[in-house]
Amino acid sequence: MRLRSWWNTAVEAMAFAAILVVGAKGVSAQTIAATPPMGWNSWNHFHRNIDDKTVRAQADAMVSSGMRDAGYVYVNIDDTWEGQRDSQGNIQTNSKFPDMKALADYVHSKGLKLGIYSSPGDKTCAGYEGSLGHEAQDAATYAAWGIDYLKYDLCGLRTQLKAASAPEAAHQMMVDAYIKMRDALRKTGRPIVYSLCQYGNDAVWRWGADVGGNLWRTTGDITDKYDRMTEIGFGQAGLARYAAPGHWNDPDMLEVGNGGMNPEEYRQHMSLWAILAAPLLAGNDLTTMAPETVAILTNREVIAIDQDSLGKQGDRVTAEGPLEIWAKPLADGSKAVGVFNRHATSLSIAVDFKQLGFRKSVQVRDIWQAKDLGTMSNAYVVPVPPHGVILLRVK
Ligand code: GLA
């Protein structure tokens, strides 16, 4: 018994030492975004009307709604928290955020993490203070506050990029700006998720991982409209090979629950983002969610598709006008299959499992209905509601 407890202690000590060694070398991107980041961001719903009190309320609601237990963890403050710099050039919060460290402590006490926002330019998109020339200082400030996530939004740097001598020079300037903040974040020793936001310029998916991005926006801003959501979501075809554990394509934050789409459309939105292995950052007011919104955002089986450990993004398999079938390979050898209807009336479609790469009969589960459909050997003919989705798990 004694020997055993001595041995256990020794093993624990060795494991702890190993963690310290890894920590000393710096936390790898793989460790901090092994699956697409999940959480909430203030911009889509609150825009500039965000403050300490509201962020705390969102953190509370993330817990009470069951979202935290479903996997949501980051509480991200977007633009408009920034104040002036002090005489030493340290960034300060404005009056809406009296004490960022205290806010981080509060969010952490709930088992959640806090995210913040800045720009590689001198100004952010909303015209607040950016990080240009203060990168190391800002990263150190974020680390001291206890920040866990940084969205770094190109905006202000566009003036400089426009003045560059050639497109190549502008590209290099942008890449250098992202590398500069990557290095600054790494130097803090704190694991901070690095989110690149530059709207997909210069095919960021080809170089986003090289500049340290854990995720990179592939498009301009989403809005709470079906047309914009589908333009962005279905426009991700072909990007799958650029995503992997540690670095993800980001088709922008969720609009689920903001009121501009109906539940069918929001289910399509959520299903498509899950097949895309997209970061799941809710963009609604978590304190006033209808049960239907909670049900969409916390569906465990949908989240499991997004967060699958294989880390492969799904892609389009076929399109027939407004009918599209997308598939995502999963770690257990099954596939998530999204059957999407972009038309405003119901349409039926035959899902051909051979075309999806299955040679024998398959077992099929309808995810939103939470129902096993049994074994199928031929095509599955199914009506898809207007702007709706049938999400399957096929094995
Ligand atoms: C840009 C980004 C948005 C948001 C705003 C804030 O438009 O793409 O996601 O961060 O800036 O000003």
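One can find the structure itself at the top, above this paragraph.
In this text the structure is predicted, and so the values were computed from the model without any measurement.

Trainee: Would you take a moment to explain the nonpolar core for this structure?
Mentor: What tends to happen in soluble globular proteins is that the nonpolar side chains get buried as a cluster. By size, the foremost hydrophobic cluster in this structure holds 89 residues, and its most contacted members are Tyr72, Trp81, Met100, Leu114 and Trp273. For this core, the element with the highest residue contribution is helix H9 (residues 167–188), accounting for eight residues. Excluding its chain neighbours within four sequence positions, the residues that come into contact with Leu114 are Val55, Val75, Asn76, Ile77, Met100, Leu103, Ala104, Val107, His108, Ile147, Asp148 and Tyr149. Core analysis: the second largest hydrophobic core is formed by 19 residues, Leu323, Val351, Val364 and Tyr380 among them.

Trainee: Which parts of the structure should I look at to understand the pairing of strand S5 (residues 113–118)?
Mentor: A regular strand places its side chains on the two faces of the sheet in alternate fashion. Counted residue by residue, S5 has five buried out of six residues, so it is predominantly covered. As defined by bridge partners, strand S2 (residues 74–76) adjoins S5 across three bridges and the pair is classed as parallel. Bridge pairing in S5 links Tyr74 to Lys113. Regarding the hand of the β-α-β motif, the stretch spanning S5, helix H7 (residues 135–145) and strand S6 (residues 149–153) is right-handed.

Trainee: Please explain the site of the ligand as it appears in this structure.
Mentor: Every residue close to the ligand is listed here: Trp43, Asp78, Asp79, Tyr117, Cys125, Ala126, Lys151, Asp153, Cys197, Tyr199, Arg217 and Asp221. At 2.8 Å, a side-chain N or O of Lys151 approaches an oxygen atom of the ligand. In the model, an oxygen atom of the ligand is placed 3.0 Å from a nitrogen or oxygen of the Asp153 side chain. Considered on its own, the ligand offers 310 Å² of accessible surface; in the complex 92% of this is hidden by protein. For the shell around the ligand, the per-class residue count stands at six nonpolar, no polar and six charged.

Trainee: Help me understand the state of the cysteines in this model?
Mentor: Such a bond, covalent and formed between the sulfur atoms of two cysteines, is termed a disulfide. One pass over the structure, following the stated rule, counts one disulfide. Residue Cys125 pairs covalently with Cys155 via a disulfide, S to S 1.9 Å. On the S-S bond that ties Cys125 to Cys155, the torsion sits near 110°, and the link is right-handed. Within this pair, whereas Cys125 is found in the loop between S5 and H7, its partner Cys155 is found in the loop between S6 and helix H8 (158–162), the two being separated by 30 residues in sequence. Classification of Cys155 by relative accessible area gives buried; the value is 12%. No disulfide involves Cys197; its nearest neighbouring cysteine sulfur is the one of Cys125, lying 6.6 Å away. With relative accessibility at 1%, the residue Cys197 sits in the buried group.

Trainee: So what exactly am I meant to see when it comes to the sheet that holds strand S1 (residues 38–41) here?
Mentor: Strand pairing in a sheet is mediated by backbone hydrogen bonds. Such pairs are either parallel or antiparallel. Taken together, eight strands build an open sheet; the order of strands is S9-S8-S7-S6-S5-S2-S1-S10 and the sheet is parallel. On the outer flanks of this sheet lie strand S9 (248–250) and strand S10 (280–282), each paired with one strand and no other. Neighbouring strand axes in the sheet, compared pairwise and without regard to direction, differ in orientation by 25° on average. The strands touched by helix H6 (residues 100–109) within the sheet are S2 and S5, with S5 carrying the most contacts at an inclination of about 140°.

Basis of the calculations
- Residues numbered from 1 in each chain as written.
- Predicted model: local features only at pLDDT ≥ 70, side-chain atom pairs only at ≥ 80, totals over all residues.
- Heavy atoms only, no water.
- Core = buried A, V, L, I, M, F, W, Y, C linked by side-chain atoms within 4.5 Å.
- Buried < 20%, exposed > 50% of the residue type's maximum accessible area, 1.4 Å probe, protein only.
- Helix = DSSP H or I, 4+ residues; strand = E, 2+ residues; numbered from the N terminus.
- Contact = heavy atoms within 4.5 Å.
- Pairing = 2+ DSSP bridges.
- Right-handed = clockwise from strand over helix to strand, strands pointing away.
- Near = heavy atom within 4 Å.
- Polar contact = N/O pair within 3.5 Å; in protein donor to acceptor, adjacent residues only side chain to side chain.
- Areas by Shrake-Rupley, 256 points an atom, 1.4 Å probe, with all protein chains shown as cover.
- Nonpolar A, V, L, I, M, F, W, Y, C, P; charged D, E, K, R; others polar.
- Disulfide = S-S within 2.5 Å.
- Axes fitted to C-alpha atoms, helices over the stretch in contact; angles between N-to-C directions.

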